[in-house]
Amino acid sequence: MHTLKISMLVAFLSGSAVAVAAETAVRQKGRLFTPNEITVKKGESLLFVNDDNITHNVYSASTGNQFNLGAITPGNSTPVTFKNAGNVDIFCAIHPSMKMSLKVTE
Amino acid sequence: MSSGTRINRVLIGLGVVALAAATAGTESWAEAVVGQTRKVELPRQAEASAAEMRDAYRRPPAIPFPKDNPYTAEKMVLGKTLYFDTRLSAANLLSCASCHSPAYGWGDGQPRGVGHEMKILGRRSPTIINAAYGLIFMWDGRAGSLEQQALGPIQADVEMNLPLDQLLGRLRSIPDYKPLFEAAFPGSGISAENIAKAIATYERTVVSGHAPFDAWIEGNEKAISDAAKRGFVLFNTKALCSNCHGGWKFTDDSFHDIGLASEDIGRAKQLPEIIKMQHAFKTPGLREITHRGPYMHNGMIGTLEAVVEHYNSGGVDRPSRSDLIKPLGLSAQEKSDLVEFLRTLTSDSFSTTVPVLPR
């Protein structure tokens, strides 16, 4: 499955260096999480991108990595950083057919 | 991380953009760290052509049955028998069909269900039409399968009020049930699991009939009126209906607050942390809709005309209301066309026979 890496250019306070942090984008077009299976290391982030034409929610109740993005309207994206290793089941509360599996490794 | 609207630490240690305020609408729940919401550019999406719109509404070729409960004729016969048997209730007065009756589009025609000792329930009895294609069940989605759903109302004290051990005792005392269970579940006997599987199998066979709308989708241009055709276009465009009622069964199996003035929190009972789930209920399908009034989760709207009027008004504006619900500005002609279209979703040959019950 196609995976989109979005890089963020982050300037250090000193202005003397530039670091690049990568986020894996999870898109929502067509009421599907794409990709819907993914593995990241502890401390890494996913960027949930609503590239669909309707509002979506993204949440997980998996212990250690709970989060809830409320309502994400089309054209918005929100990063989530996972702090604990484990399996994370992610859903859209509005559209229960939207589900994905995340594995967070040490 | 603390809860509430809070500062999220993103990319700790990297510097100047590491701190970002949580955006409005971002709710905390939080062990993972939620960063700042930001805009992304989306390519403009082409509007669907009329042909593409119609293609999305073609009927599927076959009823799906789950791998762990495949269809058999014997299971269906047993399930139908159980479905219509009032002995599945404590008072011997209510069957599944009492609230989900073929006479009322597989609902009960009442604003809200009526349970044990004539108690008025909190919500309308939902139809079971096309449940085979469902993803999640009950108005608030608290059942994940038809098998799980089937045993709920039997045991609920306000509905059929019959504990499972009593149900099993009753069925085992009725001689003619034994061969029905043996045929459906050889060697496994009368059990709660088998009752649920049999009822679910029967329910999956209750599929909406071939309606004038289907004939039109299949190419018969005379099957529906010009007004209904205009209504179909409105349904998929200006009126925004298809965002939730799209596809051949006319539901997205999803949860939306459509702005009804009701205290019932709906799906939020399962997902209380998510604002959009307050007052949200599962989108009902629209097949056989003219037989299924009154409408909405609590039967508060009596006619299709009034339903369209509700959506045109946008209902109660509150944080949980779906972003798809807003004043539509439909003209009187457009509202009439929408209702005309909705009437084409009812078939003219949708009936069933009632079984003779075991003694």
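Residues numbered from 1 in each chain as written. Chains lettered and ligands numbered in written order. Predicted model: local features only at pLDDT ≥ 70, side-chain atom pairs only at ≥ 80, totals over all residues.

1. Comments concerning the overall build of chain B
Selection rule: Only DSSP runs of H or I reaching four residues or more are called helices, and only runs of E reaching two or more are called strands; each is numbered from the N terminus. Exposure classes come from backbone-placed C-beta atoms, where a residue is buried if 20 or more other C-beta atoms lie within 10 Å of its own, exposed if 12 or fewer do, and partly exposed in between. Remark: residues whose backbone-derived C-beta atoms lie within 7 Å of one another are considered to be in contact.
Along the backbone of chain B there are 12 helices and six strands. Each principal axis of the C-alpha atoms in chain B carries an extent, and together these give about 75 × 60 × 40 Å. Taken across its 359 residues, chain B has 41% of its residues classed as buried. Expressed as a percentage of contacts within chain B between residues at least 6 apart in sequence, the contacts between residues at least 24 apart total 66%.

2. Things to note about the pairing of strand E9 (residues 99-105) of chain A
All names here are of chain A. Worth spelling out the cut-off: Being paired, for any two strands, means DSSP has found at least two bridges between them.
Of the two faces of E9, the one holding Met100, Leu102 and Val104 is buried and the one holding Lys99, Ser101, Lys103 and Thr105 is not buried anywhere. One ladder, built from five bridges, connects strand E3 (residues 37-41) with E9; its direction is parallel. What sits directly across from Thr39, in E9, is Lys103. Across six bridges, strand E8 (residues 86-91) lies against E9 in antiparallel orientation. Bridging across to E9, Asn87 finds its partner in Lys103.

3. Let's talk about unusual backbone geometry
Between Thr34 of chain A and Pro35 of chain A the backbone carries a cis peptide bond, its omega angle lying at -5°. Note that Pro35 of chain A resides in the loop between strand E2 (18-27) and E3. Positive phi is not limited to glycine here, since Glu288 of chain B has a value of about 55°. Note on Glu288 of chain B: 21 C-beta atoms within 10 Å, which makes it buried.

4. Looking at the confidence of the model for chain A
Which entries qualify depends on this criterion: Scored between 0 and 100, pLDDT is the confidence that the predictor attaches to each residue.
When pLDDT is averaged across chain A, the result is 84; 79% of the residues are at 70 or more. In this model, residues 1-20 of chain A is a region of pLDDT below 50 whose contacts with residues beyond four sequence positions or in other chains number 31 contacts.

5. Concerning the environment of Gly64 of chain A
Structurally, the position occupied by Gly64 of chain A is in the loop between strand E5 (59-60) and strand E6 (67-68). The contacts of Gly64 of chain A, once residues within four sequence positions are left out, are Asn84 and Gly86 of chain A together with Glu31 of chain B.

6. Describing helix H12 (residues 332-343) of chain B
All names here are of chain B. We apply this condition: Helix span is expected to be 1.5 Å times the residue number reduced by one. In this description, one arc is meant: the one made by directions from the helix axis to the C-beta atoms.
Its 12 residues give H12 an end-to-end C-alpha distance of 17 Å, which sits within 8% of 16 Å, the value for a rise of 1.5 Å per residue. Looking only at H12, the buried set comprises Lys335, Asp337, Leu338, Phe341 and Leu342. Buried residues of H12, viewed axially, fall in a sector of 160°; they line one side. Set apart from the buried face of H12 by more than 90 degrees, the exposed residues are Ala332 and Gln333. Those residues of H12 that are buried are in contact with helix H9 (226-236) and helix H11 (304-313).

7. Focus on the environment of Val356 of chain B
By secondary structure assignment, the location of Val356 of chain B is in the segment after H12. Classification of Val356 of chain B by C-beta neighbours within 10 Å gives exposed; the count is 9.

8. A look at the packing of helix H2 (residues 73-83) of chain B against helix H6 (residues 177-184) of chain B
All names here are of chain B. This is how the line gets drawn: Axis definition: a line fitted to C-alpha atoms, over the contacting stretch in the case of helices. Angles run 0 to 180 degrees between N-to-C directions. We call a crossing left-handed when the near helix sits turned anticlockwise from the far one by less than a right angle, and right-handed when that turn is clockwise. Three residue categories are used. Nonpolar comprises Ala, Val, Leu, Ile, Met, Phe, Trp, Tyr, Cys and Pro, charged comprises Asp, Glu, Lys and Arg, and polar comprises the others, including Gly.
H6 packs onto H2 with a crossing angle of 145° between their chain directions and a minimal axis gap of 8 Å. The handedness of the crossing between H2 and H6 is left-handed. When H2 is examined against H6, the residues Glu74, Lys75, Val77, Leu78 and Thr81 are found in contact with a partner set consisting of Leu180, Phe181, Ala183 and Ala184. Among the residues making up the contact of H2 with H6, the classes are represented as six nonpolar, one polar and two charged.

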